[in-house]
Amino acid sequence: MSEKRIDDVTGTETTGHNWDGIEELNNPLPRWWLWTFYACILFSVVYTIFFPAWPLVSGATQGVLGWSTRGEVARDIAQIDEGQQQYREGLLAVDVHMIRDNEELQNYAVQAGAALFRNNCSQCHGSGAAGAVGYPNLLDDDWLWGGRIEDIAYTIRHGIRNEEDPDARFSQMPAFGEMLTEGEIAGLARHVQSLPDGTDPLSGPAGQLFADNCATCHGDDAQGDPEIGAPDLTDAIWLYGSDIASLEDTISRGPFGVMPPWGERLGEANVRSLAAYVHQLGGGEAGEPRSETNVEEQIGEGDVPEGAGPTGGDPSDPDQVPFPEEASGTD
Ligand code: HEC
Ligand code: HEC
């Protein structure tokens, strides 16, 4: 360490620091640097006045502009929603089975439907819609309640055997455990199991039992009835399992699959998006709606393009669009 002194060459004072004879000049800070430094201080003061800055016990100072990242996101969502509004109106303006005729509308519906499906349906039907025991596979062309897009929309809108929606699809297979003997049920289980192999549903003693107890709903040909959600028993697709124990159990207790209604919760435009999505998964059937009830439902709602239909949902309500980021296809 040496003393501060005036450097001979530059005539500038040294700081007194000395490393092996190399000394440091005490030059003043460059003016540009100093002004930048002052500007930063000024900027930070102004910033803390206008924007959220100082942490407090709960929260932080808000800033006089009232800006927040949350507000920013809300604005973005509102913007996306506005962009979607034309599609949502378009979905409500046409008959459900005509959505497909408009490529742009169909694309929107399928994308939005896929996002809605992930959020609302995958916990029961599986993220790929392949279903599980008791929860039908929506990828195949085997439909309990009809596979035309109007049938699917009705199922989604009102659900199945639930207590919330008076228009829910409903039917009830009796619990035959209380009506038939164990032997009869065992015989029926074996009989039903053999139906996909081409056994005549009405042949033999089990066939007689089938004719007396089962054919009213499942049909003399055992091919079921989509009007009442009675499954086709000849197609080797089983909702509740095809081993003898499962079949005996199914016949004894009478299955009662419940699906919640979505019309009120999601709004009609979202229901239609979901129907378009499910319909194009692979098993959708073409053509006009199958059942009379669905036709009435359809005409009733097609007449009210600006509203969300009798279910009361409001498609312009941003709260009912929980998925705008996903619907824009970033996922
Ligand atoms: C709580 C579980 C659950 C949720 C959530 C659920 N479903 Fe279902 N869904 C079911 C059950 C159970 C059935 C079969 C009912 C039966 O046995 O008739 C079903 C049947 C269906 C059917 C009729 C299939 C056929 O073969 O006719 C469609 C279509 C359908 N669901 C679509 C959806 C869509 C779309 C969503 C999301 C908005 C959804 N489901 C959410 C349980 C659920
Ligand atoms: C009142 C109408 C009705 C009658 C009568 C009826 N069923 Fe059913 N059956 C249904 C319905 C509806 C379902 C579907 C229930 C569900 O999805 O939860 C069903 C489901 C089944 C299943 C399950 C199919 C699968 O994919 O897993 C079997 C097996 C079955 N029925 C056998 C019978 C037999 C055998 C009889 C006669 C002893 C019978 N049913 C009588 C309406 C009926």
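Residues numbered from 1 in each chain as written. Chains lettered and ligands numbered in written order. Predicted model: local features only at pLDDT ≥ 70, side-chain atom pairs only at ≥ 80, totals over all residues.

### Details of the overall build of the protein chain
Right, so step 1: The helix and strand inventory of the protein chain stands at 13 helices and 2 strands.
Right, so step 2: Counting the 331 residues in the protein chain, one finds 28% classified as buried.
Right, so step 3: The long-range share in the protein chain, meaning contacts at least 24 apart out of those at least 6 apart in sequence, stands at 61%. (Helix = DSSP H or I, 4+ residues; strand = E, 2+ residues; numbered from the N terminus. Buried ≥ 20, exposed ≤ 12 C-beta atoms within 10 Å, placed from the backbone. Contact = placed C-beta atoms within 7 Å.)

### Looking at the packing of helix α6 (residues 182–194) against helix α9 (residues 244–253)
Right, so step 1: Following both chains from N to C, one finds α6 and α9 inclined at 115 degrees, their axes separated by 9 Å at the closest point. For the element pair α6 and α9, the recorded crossing hand is right-handed. Contacts from Ile 185, Ala 186, Leu 188, Ala 189, Arg 190, Val 192 and Gln 193 in α6 reach Ile 244, Leu 247, Glu 248, Ile 251 and Ser 252 in α9.
Right, so step 2: Split by residue class, the contact of α6 with α9 holds 8 nonpolar, 2 polar and 2 charged. (Axes fitted to C-alpha atoms, helices over the stretch in contact; angles between N-to-C directions. Left-handed = near helix turned anticlockwise from the far one by under 90°. Nonpolar A, V, L, I, M, F, W, Y, C, P; charged D, E, K, R; others polar.)

### Points about the site of ligand 1
Right, so step 1: Near ligand 1 you find 25 residues, and of these Cys 121, Cys 124, Trp 145, Gly 257 and Met 259 are the closest.
Right, so step 2: Among the elements of the structure, α3 (103–120), α4 (122–125), α5 (149–158) and α11 (268–279) are those that each provide at least two residues to the shell around ligand 1.
Right, so step 3: Partitioning the shell around ligand 1 into residue classes produces 18 nonpolar, 7 polar and no charged. (Near = placed C-beta within 6 Å.)

### Here we look at helix α2 (residues 69–93)
Right, so step 1: Between the first and last C-alpha of α2 there are 36 Å, a value that for 25 residues agrees with the 36 Å anticipated at 1.5 Å per step.
Right, so step 2: Of all the bends found along α2, the most pronounced is centred on Gln 84 and spans about 40 degrees.
Right, so step 3: Every buried residue belonging to α2 is among Gln 84, Tyr 87, Arg 88, Leu 91 and Leu 92, and all of these are buried. (Expected span 1.5 Å × (residues − 1). Bend = angle between axes of the 7 residues up to and from the residue.)

### Some details on the nonpolar core
Right, so step 1: Judged by nonpolar contacts, the single largest core of 30 residues is most densely connected at Ala 109, Ala 153, Leu 274 and Ala 275.
Right, so step 2: Considering every element that reaches this core, the biggest residue donor is α3, with 8 residues.
Right, so step 3: In this structure Ala 275 touches Val 96, Ile 149, Ile 152, Ala 153 and Ile 156, once residues within four positions along its chain are discounted.
Right, so step 4: Judged by nonpolar contacts, the second largest core, of 13 residues, contains Phe 176, Val 192, Cys 214 and Leu 247. (Core = buried A, V, L, I, M, F, W, Y, C linked by C-beta atoms within 7 Å.)

### Some words on the site of ligand 2
Right, so step 1: Near ligand 2 lie 26 residues; those nearest to it are Met 173, Cys 214, Cys 217, Pro 255 and Gly 257.
Right, so step 2: Every element with two or more residues in the shell around ligand 2 is listed here: α6, α8 (215–218) and α9.
Right, so step 3: Of the residues that constitute the shell around ligand 2, the class distribution is 19 nonpolar, 7 polar and no charged.

### Notes on the UniProt feature "transmembrane region" (unreviewed entry) in the protein chain
Right, so step 1: UniProt's entry tags residues 32–54 with the feature "transmembrane region" (unreviewed entry), counted in the numbering of this structure.
Right, so step 2: Within residues 32–54, the helical portion is 83% and the strand portion 0%, while the C-alpha atoms at the span's ends are 29 Å from each other. (UniProt positions renumbered as here; feature names shortened; annotations may be inferred.)

### Quick look at helix α1 (residues 31–50)
Right, so step 1: Taking 1.5 Å of rise per residue, the 20 residues of α1 would be expected to cover 28 Å, and the 29 Å separating its terminal C-alpha atoms lies within 8% of that figure.
Right, so step 2: Counting buried positions over the 20 residues of α1 gives 0, only a small fraction of the element.

### Some details on the pairing of strand β2 (residues 22–25)
Right, so step 1: Relative to β2, strand β1 (residues 14–19) runs antiparallel, the two sharing 3 bridges. Bridge pairing in β2 places Thr 14 opposite Leu 25.
Right, so step 2: In textbook terms, the turn of a hairpin is the stretch between consecutive antiparallel strands, and for β1 and β2 this stretch comprises 2 residues, one of which, Asp 20, has a positive phi near 45 degrees. (Pairing = 2+ DSSP bridges.)

### Some details on the environment of Trp 54
Right, so step 1: Mapped onto the fold, Trp 54 is located in the loop between α1 and α2.
Right, so step 2: According to the C-beta neighbour criterion, Trp 54 is exposed, with 9 such atoms within 10 Å.
Right, so step 3: Those residues in contact with Trp 54 that sit more than four places away from it in its chain are Thr 48, Ala 60 and Thr 61.

### Details of the environment of Leu 281
Right, so step 1: With respect to the element layout, Leu 281 can be found in the loop between α11 and α12 (292–302).
Right, so step 2: The class of Leu 281 is partly exposed, set by 19 C-beta atoms lying within 10 Å.
Right, so step 3: Taking the C-alpha atoms as reference, Leu 281 lies 9.6 Å from Asp 141; in sequence the two are 140 residues apart.
Right, so step 4: Leu 281 has contacts with Ala 129, Leu 138 and Leu 139, leaving out every residue within four places of it along the chain.

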